[in-house]
Structure formats: structure tokens, C-alpha cells
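Structural features, examined
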Amino acid sequence: MPPQAIAWKLQDTQWCLQQAEAVGPACHDVIRKLFGDSVLDHLRAAQGIIGLAKKYGPIRLENACLRAMHFNNIRYRSVKNILSQGLDQLPLNHELFSVPPLSSAYTTGRFLRCAGNIHEERGLPI
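Note that this is a predicted model, so its numbers are computed, not measured. (Residues numbered from 1 in each chain as written. Predicted model: local features only at pLDDT ≥ 70, side-chain atom pairs only at ≥ 80, totals over all residues. Heavy atoms only, no water.)

**Overview of unusual backbone geometry**
How we decide: Helix numbering and strand numbering both begin at the N terminus, where a helix is a DSSP run of H or I of at least 4 residues and a strand a DSSP run of E of at least 2. Throughout, exposure labels follow a simple rule: accessible area from a 1.4 Å probe, protein chains only, divided by the maximum for the residue type, with under 20% read as buried, over 50% as exposed, and the rest as partly exposed.
Residue Asn-72 is not a glycine yet carries a positive backbone phi of 55 degrees. Examined against the element boundaries, Asn-72 turns out to sit in the loop between helix H5 (58–70) and helix H6 (76–84). Residue class for Asn-72 comes out exposed when judged on its relative accessible area of 62%.

**Things to note about the pattern of salt bridges**
Short version of the rule: Any Lys or Arg side-chain nitrogen located within 4 Å of an Asp or Glu carboxyl oxygen qualifies as a salt bridge.
Applying the stated criterion across every chain, the model contains two salt bridges. Between Asp-29 and Arg-32 there is a salt bridge, with its nearest N and O atoms 2.6 Å apart. Note that Asp-29 and Arg-32 are positioned in helix H3 (residues 25–37) at a spacing of three residues, about one turn of the helix. On the accessibility criterion, Arg-32 (46% relative accessible area) is partly exposed. Linking Arg-60 and Asp-88 is a salt bridge whose minimum nitrogen-to-oxygen distance equals 2.8 Å. Placement of the pair is Arg-60 in helix H5 and Asp-88 in the loop between H6 and helix H7 (104–107), with a sequence separation of 28 residues. By relative accessible area, Asp-88 is classed as buried at 6%.

**With respect to the nonpolar core**
Side chains of a nonpolar character, in soluble globular proteins, are inclined to be buried together. What counts here: The term nonpolar core refers to a set of buried residues drawn from Ala, Val, Leu, Ile, Met, Phe, Trp, Tyr and Cys, joined through side-chain atoms within 4.5 Å. We call two residues in contact when some of their heavy atoms are within 4.5 Å.
By size, the foremost hydrophobic cluster in this structure holds 27 residues, and its most contacted members are Ile-31, Ile-49, Leu-61, Cys-65 and Val-79. Counting only elements with at least two residues in this core, the list comes to helix H2 (13–23), H3, helix H4 (39–56), H5 and H6. Here the element with the most residues in this core is H4; it accounts for eight residues. Once residues lying within four places of it in the same chain are set aside, the contact partners of Ile-49 are Val-30, Ile-31, Leu-34, Leu-61, Cys-65, Ile-74, Tyr-76 and Val-79.

**So, the packing of H3 against H5**
Two quantities define a packed helix pair, namely the angle between the axes and the distance from one axis to the other. This is how it is decided: Axis definition: a line fit to C-alpha positions, over the contact stretch in the case of helices; interaxial angles, taken between N-to-C directions, run 0 to 180 degrees. Note on terminology: angles under 35 degrees are roughly parallel, angles over 145 are roughly antiparallel, angles of 65 to 115 are roughly perpendicular, and the others are oblique. Left-handed describes a crossing in which the near helix is turned anticlockwise from the far one by less than a right angle; the clockwise case is right-handed. Each residue gets one of three labels, nonpolar for Ala, Val, Leu, Ile, Met, Phe, Trp, Tyr, Cys and Pro, charged for Asp, Glu, Lys and Arg, and polar for the others, Gly among them.
Interhelical geometry of H3 versus H5 gives an angle of 55 degrees and a closest axis separation of 7 Å. In terms of axis orientation, H3 runs oblique to H5. The handedness of the crossing between H3 and H5 is left-handed. Note on element contacts: H5 touches H3 through Leu-61, Glu-62, Cys-65, Leu-66 and Met-69, opposite Pro-25, Ala-26, Cys-27, Asp-29, Val-30 and Lys-33. The class makeup of the residues in the contact of H3 with H5 is eight nonpolar, no polar and three charged.

**A word on the confidence of the model for the protein**
Under the convention used in this document: pLDDT expresses, on a scale from 0 to 100, how confident the predictor is about each individual residue.
In the predicted model, the protein carries a mean pLDDT of 82, and 69% of its residues have values of at least 70. The weakest mean pLDDT in the protein belongs to H7 at 62; the strongest belongs to H6 at 95.

See below:
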């Protein structure tokens, strides 16, 4: 087998968990949650997340995993996007992550009517 194939085969679930634990607790939690559903389906994603430490470093990867856990979005693509956009370097309470308030059309009950009014309109007993 080529050396790359041998290296990939050696990166099993235990290797991923050990590497994630070396990065930090948030990264370890992300990998454990990935393996919680279906280990074989998410093995490649876990290997990819661990591999992001080579490009961005373990501190940034740990921060990105912490952010992914905060928003309950633990996919490889999410962690990669957090790192590539530099979102791991912003505080969690940054205005970029705040949810805008709903319009008054959704909060004032514009289309709500009292149940008693409906019964009166239709001539039904209350």
C-alpha cells in the first residue's frame, strides 16, 4: 500500500479521540459527538477536523470547536468555515452572532383573535 493509505488506515477512532484530547476539551467533545451517531460514517469528518490543526493550529481549532458546540453545529464544514472566516477569534457575544428581534407583525398577534369572538361570529355557543 502507498504510505498515504497506510497512514489513513492507522487513523482510527481511538487515534482521532487521542489527537482531539491533545487539542483540547471542546475538540474532544466535538469528535465524541460525531462518533456518537455512527462511527464509520463520521470517521472521515473527524479525521478532517483533526487535520485542521495543521493549518490553523490547535488553539484556533479548539476555539472553533467551542463555537461549533455553542451553536450545536458540529459538522466538519462548519468547523472549517469558522476557521477560514476567522470567527473563532471573535467573542461569542459579538453582534454578528446575535439574533435580530422579530418584526412586530410576528409578535403582536396581528392575526390572533379571541376564541370567544370566533364563536360569536359563527353563532356557536361559548
